[in-house]
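Chain residues, written in single-letter form:
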Amino acid sequence: MGVYHITYAPKPKELCVYFDGPCNFSCHGCICGSHPLDVHLAGNPRGVRASISAEEALRLVKGLDFEKVIFMGFEPTVNLDFYKLAREMKARFDSYNVLLTNGYRLVKEPIVDSACVSIKAVSEGLFRRFTGRCGSRRVLMNFRRYRELGVELRAESVLVPGLIDAEEIERVASFIAEVDPEIPYRIDGYIPMKEDEYRRPTVEELEEAKERARRHLRNVSILHHKMKPRYAVKRVY
Ligand code: SF4
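Everything numeric in this text was worked out from a predicted model, so none of it was measured. (Residues numbered from 1 in each chain as written. Predicted model: local features only at pLDDT ≥ 70, side-chain atom pairs only at ≥ 80, totals over all residues. Heavy atoms only, no water.)

Caption draft 1: Looking closely at the overall build of the protein chain. Per the secondary structure count, the protein chain includes seven helices and nine strands. The C-alpha radius of gyration computed for the protein chain amounts to 17 Å, which stays within 12% of the reference 18 Å derived for 237 residues, consistent with globular compactness. Expressed as lengths along the three principal axes of its C-alpha atoms, the size of the protein chain is roughly 45 × 40 × 30 Å. Counting only residues that meet the buried cut, the protein chain has 50% of its 237 residues in that class. Of the accessible surface of the protein chain, which amounts to about 11800 Å², a share of 49% is contributed by carbon and sulfur atoms. (Helix = DSSP H or I, 4+ residues; strand = E, 2+ residues; numbered from the N terminus. Rg over C-alpha atoms; globule rule 2.2 N^0.38 Å. Buried < 20%, exposed > 50% of the residue type's maximum accessible area, 1.4 Å probe, protein only. Areas by Shrake-Rupley, 256 points an atom, 1.4 Å probe, with all protein chains shown as cover.)

Caption draft 2: View of the nonpolar core. Of all hydrophobic cores here, the largest spans 66 residues; its most connected members are Phe 82, Leu 85, Ile 119, Phe 143, Ile 176, Tyr 185 and Ile 187. At seven residues, the largest contribution of residues to this core is made by helix α6 (residues 166-179). Contact partners of Ile 187, with chain neighbours within four places excluded, come to Ser 157, Leu 159, Ile 169, Leu 206, Ala 209, Lys 210, Ala 213, Val 220, Ser 221, Ile 222 and Leu 223. Residues Tyr 4, Tyr 18, Ile 70 and Val 98 belong to the second largest nonpolar core, which totals six residues. (Core = buried A, V, L, I, M, F, W, Y, C linked by side-chain atoms within 4.5 Å. Contact = heavy atoms within 4.5 Å.)

Caption draft 3: Quick look at the site of the ligand. Taken together, Cys 23, Phe 25, Cys 27, Cys 30, Cys 32, Phe 74 and Asn 102 are the residues near the ligand. Classifying every residue of the shell around the ligand gives six nonpolar, one polar and no charged. (Near = heavy atom within 4 Å. Nonpolar A, V, L, I, M, F, W, Y, C, P; charged D, E, K, R; others polar.)

Caption draft 4: Fine view of α6. Taking 1.5 Å as the rise per residue, α6 with 14 residues should run 20 Å; its terminal C-alpha atoms sit 20 Å apart, in good agreement. Listed in full, the buried residues belonging to α6 are Ala 166, Glu 168, Ile 169, Glu 170, Val 172, Ala 173, Phe 175, Ile 176 and Val 179. Close packing links the buried residues of α6 with α4 (124-131), α5 (136-148), β6 (152-159), β7 (185-189) and α7 (203-213). (Expected span 1.5 Å × (residues − 1).)

Caption draft 5: Main features of the environment of Gly 125. Checked against the element boundaries, Gly 125 lands in helix α4. Gly 125 gets classed as partly exposed once you look at its relative accessible area, which sits at 39%. In sequence terms Gly 125 and Ser 136 are 11 residues apart; their C-alpha atoms lie 9.0 Å from each other.

Caption draft 6: Representation of helix α2 (residues 54-61) within the structure. Taken as a whole, α2 has its buried residues at Ala 54, Ala 57, Leu 58 and Val 61. Along the axis of α2, the buried positions cluster into a sector of 100°, meaning they face one direction only. The inward-facing, buried residues of α2 abut β1 (3-9), β2 (14-19) and α3 (80-93). (Arc of directions from axis to C-beta.)

Caption draft 7: Structural view of the side chain of Thr 7. Mapped onto the elements, Thr 7 comes out in strand β1. On the basis of relative accessibility, which here comes to 0%, the residue Thr 7 falls in the buried class. Polar side-chain contacts of Thr 7 include one of 2.7 Å to the side chain of Asp 38. Excluding residues within four positions of it along the chain, Thr 7 makes contact with Glu 14, Leu 15, Cys 16, Tyr 18, Asp 38, Leu 41, Lys 234, Arg 235 and Val 236. (Polar contact = N/O pair within 3.5 Å; in protein donor to acceptor, adjacent residues only side chain to side chain.)

Caption draft 8: Quick look at the packing of aromatic side chains. Scanning the model with the defined rule gives 10 aromatic pairs in all. Measuring from ring centre to ring centre gives 5.3 Å for Phe 71 and Phe 82, while their planes differ by 75°; the resulting arrangement is edge-to-face. Taken together, the residues Phe 71 in strand β3 (residues 68-73) and Phe 82 in helix α3 connect sequence positions 11 residues apart. Across the ring face of Tyr 104, the terminal group of Arg 138 is positioned such that the distance to the ring centre comes to 3.8 Å. (Phe/Tyr/Trp six-rings, centres within 6.5 Å; stacked < 30°, edge-to-face > 60°. Lys NZ or Arg CZ within 6 Å of the ring centre and 35° of its normal.)

Caption draft 9: Region of the structure containing the sheet that holds β2. Judged by pairing direction, the sheet is mixed, and its nine strands sit side by side in the order β8-β7-β6-β5-β4-β3-β2-β1-β9 without closing on themselves. Only two strands of the sheet have a single neighbouring strand rather than two, namely β8 (220-223) and β9 (234-235). In terms of strand pairing, strand β5 (residues 114-118) meets β6 through five bridges, oriented parallel. In the strand pairing of β6, Val 117 is matched with Ala 155. Along the sheet, α7 contacts β6, β7 and β8; its crossing angle with β7, the most-contacted strand, is approximately 160°. (Pairing = 2+ DSSP bridges. Axes fitted to C-alpha atoms, helices over the stretch in contact; angles between N-to-C directions.)

Structure (structure tokens):
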């Protein structure tokens, strides 16, 4: 267990720290498995390095001018190094900590300032088909708990034509609106694996899902493969 990749974006003063899992979900087409490195890196680099400990990661970043740390990769909350690193980033660098999570395990300790919860589905059958396990209610409950804990909240879902369609995206949006209709919600286009039974959604399908989500939420965006990165990033590890 540990950190397998770190990137740094000087303009927004951001670090992205990637954990190596294992994840507690087995999502169909897991993006971390197929695209393990930061997609913003120039030149499409390959090669995942051996994992390093929280202490080694802290040593590598200590000279960098950063304010925000984004904890991501394979589910951080199941990784002990995530807790060590989040605590130390706050204690040593007074960082603003952002957690990207599947929401199955709640972090109650005040080491997370912002959580972006990937809500795979609200319908239990679809949730199970996509993630390989039961637990949609638990994720939704934890989403509410983050709000109660005073953590800044965002949400994401993946539009997978034939599995997670616009109808389900609207159900997710409706749930988020019950918590707060101002919570930002991003809909990502699914990226298929080789010989996948599911395909990439078209931009029109993403726009349709966005329109349906906007019936409930005020701040909805989409992400697809034709979009360009907003700023340059450097590989730290
Ligand atoms: S929760 Fe994320 S890391 Fe885990 S299997 Fe799903 S896509 Fe992969």
